[in-house]
Amino acid sequence: MLRTTWIALVLGFWSSLYLIDAFLKSNRYIGQRYAEFQVQNGLQVSVAQLRWYTTCLNRCFIRLGQCKPRILTAWFTLGAWFGVLLMFVGVVLLTLTLVKSVSQEEGEPAVLTPVMPGVNLPVSELGYFFPVLLVSGIWHELGHAIAAVREQVRVNGFGIFLMVVYPGAFVDLHTDHLKAVSAARQLRIYCAGIWHNFVLVLFAIAVLLTLPYLLSPVYVTGAGVVITNVVKNSPVSGRRGLAVGYHVTSINGCPVTVPEDWRRCLGAVVFYPPYGHCMTVGKVQQLNTNVALYKGAGGQVECCRNDSVSELCFRYEMGTEMDKPQREYACLEARPITELARCHKASDCHQARKTACLHPSLDNSSRLIRVLHNTGPPMLYVGDPYLFGYSGK
């Protein structure tokens, strides 16, 4: 969706909400009841802002603030020292940002970069960004509220707001009580929010690092890679192709267990000579349905009909290397052939004298790729391996 479309939707939402609120308040039939409803539920609508305020959590804050007083005092004292230290770090970072912004050369990264949704934060990640912002805001204000109770400052209430697109939270403290306490106690209250945010970051990092181990009992590892994206209308999409959620376990016989194996196996398809498959000469001649040889679009020799979707032209050599072997072509069903033993030349097969090594007759940029997955029979792909790698991830 275009950035201008998002801006139009946001402006349309807030304009509609403000007009509806103004209409309901001015309505002589329901205006008074609507105003009473807002007061009772702590709702307030203003220009580009929606707020909810409640006193229902005050008892909860008091209970939390009175629990383990010595531990909480030490906890918020540590937070105050952290806040003072972070203040000096912030001054240094802001100074460096100012200096770099004045003398910054083109292309040089800045020290601090503000997060701007739709600019340097992809729109697809807003579904994660705003809920995380709200949770961190609530956790931040919870720190202020508990610290205030611990320092004998009354908490009047707690609220959540939405300003334009940014969600947040706030805590309402008694101003006179706050001014009456000492500077050290005020510092513990002021620094409690950023201290709680820092602890939340440490907790999130710990969860991120331990998540693979925590979830390992309910997930299977080392059993293939999962397809996460398939380009629409690409050569690998469709009924017999790949789909999101498929577990790929092998590419042309190369085991795939981790994402690095996917790239390594595709690299082997591109840079190593393609292999063939062993089949007895008698069987080849029996199953052969070739037509008159002709040149394909890429200069390769073709021996199958143009309308055939399951057959592929294979080449093989008859005779020994000493007798200048003659190249032959056969049109065969591709899927059964790819299930046979692999080879690079006829001598690699068990019965070398009676067996041919069948190679797909393709142009230099094309390969026959056989992909094993957990849903249905293997997928066969004939074409450019680079396009295969681009079409599915």
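Look a little higher up for the structure.
Reference entry: report on the structure contained in this document. Residue positions are given per chain, counted from 1 along the sequence in the order it is written. Residues qualify for local features only when their pLDDT is at least 70, as the model is predicted, and side-chain atom pairs are given and counted only at 80 or more; totals for whole chains, interfaces and linings, by contrast, use all residues. Side-chain metrics in this entry use all non-hydrogen atoms of the structure; hydrogen atoms and water are not considered.

### Observations concerning the overall build of the protein chain
On a plain count of helices and strands, the protein chain comes out with 11 helices and 16 strands. Radius of gyration: C-alpha atoms only; globule rule: 2.2 Å multiplied by the number of residues to the exponent 0.38. Computed over C-alpha atoms, the radius of gyration of the protein chain comes to 35 Å, more than 25% over the 21 Å expected from 2.2 N^0.38 for 393 residues, which places it beyond the range of a compact globule. Principal-axis analysis of the C-alpha atoms gives the protein chain an extent of 105 × 55 × 50 Å. The buried label goes to any residue with under 20% of its type's maximum accessible area, the exposed label to any with over 50%, and the partly exposed label to all in between, with areas taken from a 1.4 Å probe on protein chains only. In the protein chain, which comprises 393 residues, the share counted as buried stands at 33%. Should any heavy atoms of two residues lie within 4.5 Å, those residues are counted as being in contact. The long-range fraction of contacts in the protein chain, counting pairs at least 24 apart against all pairs at least 6 apart in sequence, stands at 57%. Using a 1.4 Å probe, accessible areas were evaluated by the Shrake-Rupley method; residue-level cover was limited to the displayed protein chains. Working note: accessible area of the protein chain is about 25500 Å², and carbon and sulfur atoms make up 63% of it. Positive charge is attributed to Lys and Arg, negative charge to Asp and Glu, and no charge count is given to His or to the chain ends. Where a charge lies is defined by one atom per residue type: Lys uses NZ, Arg uses CZ, Asp uses CG and Glu uses CD. With 34 positive and 24 negative side-chain charges, the protein chain shows a separation of 10 Å between the mean positions of the two kinds. A run of H or I in DSSP counts as a helix once it spans at least four residues, and a run of E counts as a strand once it spans at least two, with each numbered from the N terminus.

### Remarks on the state of the cysteines
Cysteine sulfur atoms are paired as a disulfide whenever they fall within 2.5 Å. Under the defined criterion, the tally for this structure stands at 5 disulfides. Disulfide pairing places cysteine 278 opposite cysteine 349 at an S-S distance of 1.9 Å. The sign of the S-S torsion, about -90°, decides the handedness of the disulfide formed by cysteine 278 and cysteine 349: left-handed. Within this pair, whereas cysteine 278 is found in strand 8 (residues 276-280), its partner cysteine 349 is found in the loop between strand 13 (342-343) and strand 14 (355-360), the two being separated by 71 residues in sequence. Like cysteine 278, the residue cysteine 349 is buried in the burial classification. Each disulfide of the protein chain joins two cysteines, and with those cysteines numbered along the sequence the arrangement is 1-2, 3-9, 4-6, 5-7, 8-10. In this structure cysteine 56 is a free cysteine whose sulfur lies 11 Å from that of cysteine 60, the closest cysteine sulfur available. Residue class for cysteine 56 comes out exposed when judged on its relative accessible area of 67%. Here cysteine 67 stays free of any disulfide, with the sulfur of cysteine 60 as its closest cysteine sulfur at 11 Å. The class for cysteine 67 is partly exposed, based on a relative accessible area of 41%.

### Brief notes about the pairing of strand 6 (residues 247-251)
Strand direction decides the pairing type here: strand 5 (residues 225-226) and strand 6, joined by 2 bridges, are antiparallel. Bridging from a neighbouring strand, valine 226 pairs with histidine 247 of strand 6. Strands pair, by our definition, only if DSSP identifies at least two bridges between them. In terms of strand pairing, strand 6 meets strand 7 (residues 254-255) through 2 bridges, oriented antiparallel. The residue bridging serine 250 from the neighbouring strand is proline 255, located in strand 7. From the end of strand 6 to the start of strand 7, which pair antiparallel, there are 2 residues, and asparagine 252 there has a positive phi angle of about 50°.

### A look at the nonpolar core
The biggest cluster of nonpolar side chains holds 19 residues, and the ones touching the most others in it are Leu242, Val248, Ile251, Trp262 and Phe388. Of all the secondary-structure elements, those providing two or more residues to this core are strand 6, helix 8 (259-271), strand 15 (367-373) and strand 16 (379-383). If near-sequence neighbours (up to four positions away) are discounted, phenylalanine 388 is found in contact with Val236, Leu242, Trp262, Leu266, Ile369, Val371, Met379 and Tyr381. Here, nonpolar core means buried Ala, Val, Leu, Ile, Met, Phe, Trp, Tyr and Cys residues that are tied together by side-chain atoms lying within 4.5 Å of each other. Core analysis: the second largest hydrophobic core is formed by 18 residues, Ile146, Val155, Ala169 and Ile189 among them.

### Some thoughts on helix 4 (residues 69-103)
Expected span of a helix, by definition, is 1.5 Å for each gap between consecutive residues, and there is one gap fewer than residues. Helix length check: helix 4, at 35 residues, gives a terminal C-alpha distance of 51 Å against a target of 51 Å (1.5 Å per residue), a fit within 8%. Where helix 4 is buried, its residues meet helix 3 (58-66), helix 5 (126-150) and helix 7 (183-214).

### Notes on the sheet that holds strand 13
Reading across the sheet, the 5 strands line up as 12-11-14-8-13 and stay open at both edges, with antiparallel pairing between neighbours. The strands lining the two open edges of the sheet, one partner per strand, are strand 12 (326-333) and strand 13. With 4 bridges connecting them, strand 8 and strand 14 associate as antiparallel partners. Along strand 14, the bridge assignment pairs cysteine 278 with cysteine 357.

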